[in-house]
Amino acid sequence: MRDAMWIYAIFILLWSEAWSQDAEKNQNTSANSNTTTPFKYTVDRRTTFNLGSDADLTCSDKTLNETIYVIWKIDLKYKDCKISFSNDGRSIDSCNDGKSLQNTSSDKSYLHIPNFSNDDVGIYKCEIAYRGGGETYKIDVSITVPPTISAWLERKDNMVVAVCKAERGKPAASITWSHMENLTAGEHVIDSNGFFTVESRQELPEGMNPENLSCVIRHPYWREEKILVPEHGKGAEWIAQQKGFNLWGYGLWLPILIVVVIFVLLIGLLCYFAQKKLMLRQCQQSNTSPSKSPPVEDVEEVEPYASYVQRVNSIYNSSADLFT
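Residues numbered from 1 in each chain as written. Predicted model: local features only at pLDDT ≥ 70, side-chain atom pairs only at ≥ 80, totals over all residues. Heavy atoms only, no water.

K.L.:
An account of the nonpolar core is needed here, citing residue identities and associated values.
P.N.:
Core analysis: the largest hydrophobic core is formed by 25 residues, its most contacted members being Leu 57, Trp 72, Ile 74, Phe 116 and Tyr 124. The next biggest cluster of nonpolar side chains, apart from the first, holds 15 residues, and it includes Ala 166, Ile 175, Cys 215 and Trp 222. (Core = buried A, V, L, I, M, F, W, Y, C linked by side-chain atoms within 4.5 Å. Buried < 20%, exposed > 50% of the residue type's maximum accessible area, 1.4 Å probe, protein only.)

See the structure below:
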């Protein structure tokens, strides 16, 4: 009985010692965590900017006096770069494309992107350290680009088809038709740069006036929807086809005919001016040729017959004197 009591007392002593050591260890760990581990959290968000606008990205609401450093790591489609600054005056800018760190009137830092384009789309990561903690932001930045819109009429077999098209927009536009019960969804086509082209085709009932049909296009870039009526020029094309006249062929040959006529006129003008110049040259030569006089030679002036007779007379006179 006495041995059992001793064993129980030793067990109680060892357990109390172990409990006191664990409590002291937990207190030390808590103290260290409160003094050395800063508060830090990560924020993920998405944002979109219109094409050609000036974009500003904020990383934190801390002022420059509180900030130790700010680092923007930018992952774009064609390159990766970095922009940063620290409170000791050091800064880095490996982007060299107009992006810059600027300050608000309340002395808070933000990243400025002028004339936002498709090349600026990407992932922007911001790390900021300040007294007492730090923050990390990951911002997925995209672009809104308005599409180029058009609407026209064309003929398919014996049916008239109204076509509405929104080209190279981002994101994709939404197309609907007015005064139509059976609507067809537009077909989305994405090009290599991530822009969307949407085309919607609607067959018109027989006898329906195309002017009573309109195409409604919506896009986030616009505050209001765009309404188009199929162009009358292509409607005239359909009317011509109804009468058996192929306006497409006429439209194809007309430019060729105009080019041929212009070419012939140019050749004729060149020939006319060349002939005119040749005739002018010949006239100048004919006007200048009579005015030229032949070279003048010095000829001794001699009395033709009298001088000869005089000499003959002198001979006869001298021979007469000899015989006298």
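K.L.:
Let's hear about the pairing of strand β9 (residues 133–144): which residues, and what values?
P.N.:
In terms of burial, β9 is a largely internal element, nine of the twelve residues being buried. Looking at chain direction, strand β8 (residues 122–130) and β9 are connected through nine bridges and run antiparallel. Directly across from Glu 127, in β9, lies its bridge partner Thr 136. Turn length for the β8-β9 hairpin, with the two strands adjacent in sequence and antiparallel, is two residues, and the turn residue Gly 132 shows positive phi of about 100°. (Helix = DSSP H or I, 4+ residues; strand = E, 2+ residues; numbered from the N terminus. Pairing = 2+ DSSP bridges.)

K.L.:
Give a description of the sheet that holds strand β7 (residues 108–113) that names residues and reports values.
P.N.:
One open sheet accounts for three strands, arranged β2-β7-β6; its pairing is antiparallel. The open sheet terminates on both sides in strands that have one partner only, identified here as β2 (55–63) and β6 (100–103). Strand-to-strand twist in this sheet, taken as the mean axis angle between neighbours without regard to direction, amounts to 25°. In this structure, β6 lies alongside β7, joined through four bridges in antiparallel fashion. The partner of Gln 102 across the bridge, within β7, is Tyr 110. (Axes fitted to C-alpha atoms, helices over the stretch in contact; angles between N-to-C directions.)

K.L.:
Outline the state of the cysteines, listing residues and values.
P.N.:
Per the counting criterion, the structure on display carries three disulfides. Note that Cys 59 is cross-linked by a disulfide to Cys 126, the S-S spacing being 1.7 Å. Every disulfide takes its handedness from the sign of the S-S torsion; for Cys 59 and Cys 126 that torsion is -105°, giving left-handed. Taken together, the positions of Cys 59 in strand β2 and Cys 126 in strand β8 put the pair 67 residues apart, joining distant regions of the chain. As far as the burial class goes, Cys 59 and Cys 126 line up, both buried. Between the sulfur of Cys 164 and that of Cys 215 lies a disulfide, 1.7 Å long from S to S. Classification of the bridge connecting Cys 164 and Cys 215 rests on its S-S torsion, roughly -70°, and on that basis the disulfide is left-handed. With Cys 164 in strand β11 (residues 159–169) and Cys 215 in strand β15 (residues 215–218), this residue pair connects regions lying 51 residues apart in the sequence. (Disulfide = S-S within 2.5 Å.)

K.L.:
Which residues make up the confidence of the model for the protein chain, and what are the values?
P.N.:
For the protein chain, mean pLDDT is 75; residues scoring 70 or higher make up 65% of the total. A low-confidence stretch, residues 11–17 stays under pLDDT 50, and its non-local contacts, those more than four residues away or across chains, total zero contacts. (pLDDT = per-residue confidence, 0-100. Contact = heavy atoms within 4.5 Å.)

K.L.:
Can you tell me about the packing of aromatic side chains, naming the residues and giving the values?
P.N.:
Summed over all chains, the structure comprises one aromatic pair. Seen from their ring centres, Phe 49 and Phe 116 are 5.4 Å apart, and the 50° between their planes marks the pair as tilted. Here Phe 116 lies in the loop between β7 and β8 and Phe 49 lies in strand β1 (residues 39–50), a separation of 67 residues in the sequence. The same class applies to Phe 49 and to Phe 116, which are both buried. In this arrangement the basic side chain of Lys 62 is found over the ring face of Tyr 130, its NZ or CZ atom lying 4.6 Å from the centre. Seen from the ring of Phe 195, Lys 170 lies directly overhead, with NZ or CZ sitting 5.8 Å from the centre. (Phe/Tyr/Trp six-rings, centres within 6.5 Å; stacked < 30°, edge-to-face > 60°. Lys NZ or Arg CZ within 6 Å of the ring centre and 35° of its normal.)

K.L.:
Can you tell me about the pattern of salt bridges, naming the residues and giving the values?
P.N.:
Under the criterion given, the structure shown has eleven salt bridges. With its nearest N and O atoms 2.7 Å apart, the salt bridge here joins Arg 46 to Asp 140. Residue Arg 46 is located in strand β1, and its partner Asp 140 is located in strand β9; the two are separated by 94 residues in the primary sequence. What makes Arg 46 exposed here is its relative accessible area of 70%. Given the relative accessible area of 24%, Asp 140 is considered partly exposed. In this structure, Glu 127 and Lys 73 form a salt bridge, with 3.6 Å as the shortest nitrogen-oxygen distance. Of this pair, Glu 127 sits in strand β8 while Lys 73 sits in strand β3 (residues 67–76), and the two are 54 residues apart along the sequence. Its relative accessible area of 26% is what places Glu 127 among the partly exposed residues. Judged by relative accessible area, Lys 73 falls into the partly exposed class, the value being 37%. Through salt bridges with shared partners, a single ionic network connects Glu 154, Lys 165, Glu 167, Glu 199 and Arg 201. (Salt bridge = Lys/Arg side-chain N within 4 Å of Asp/Glu carboxyl O.)

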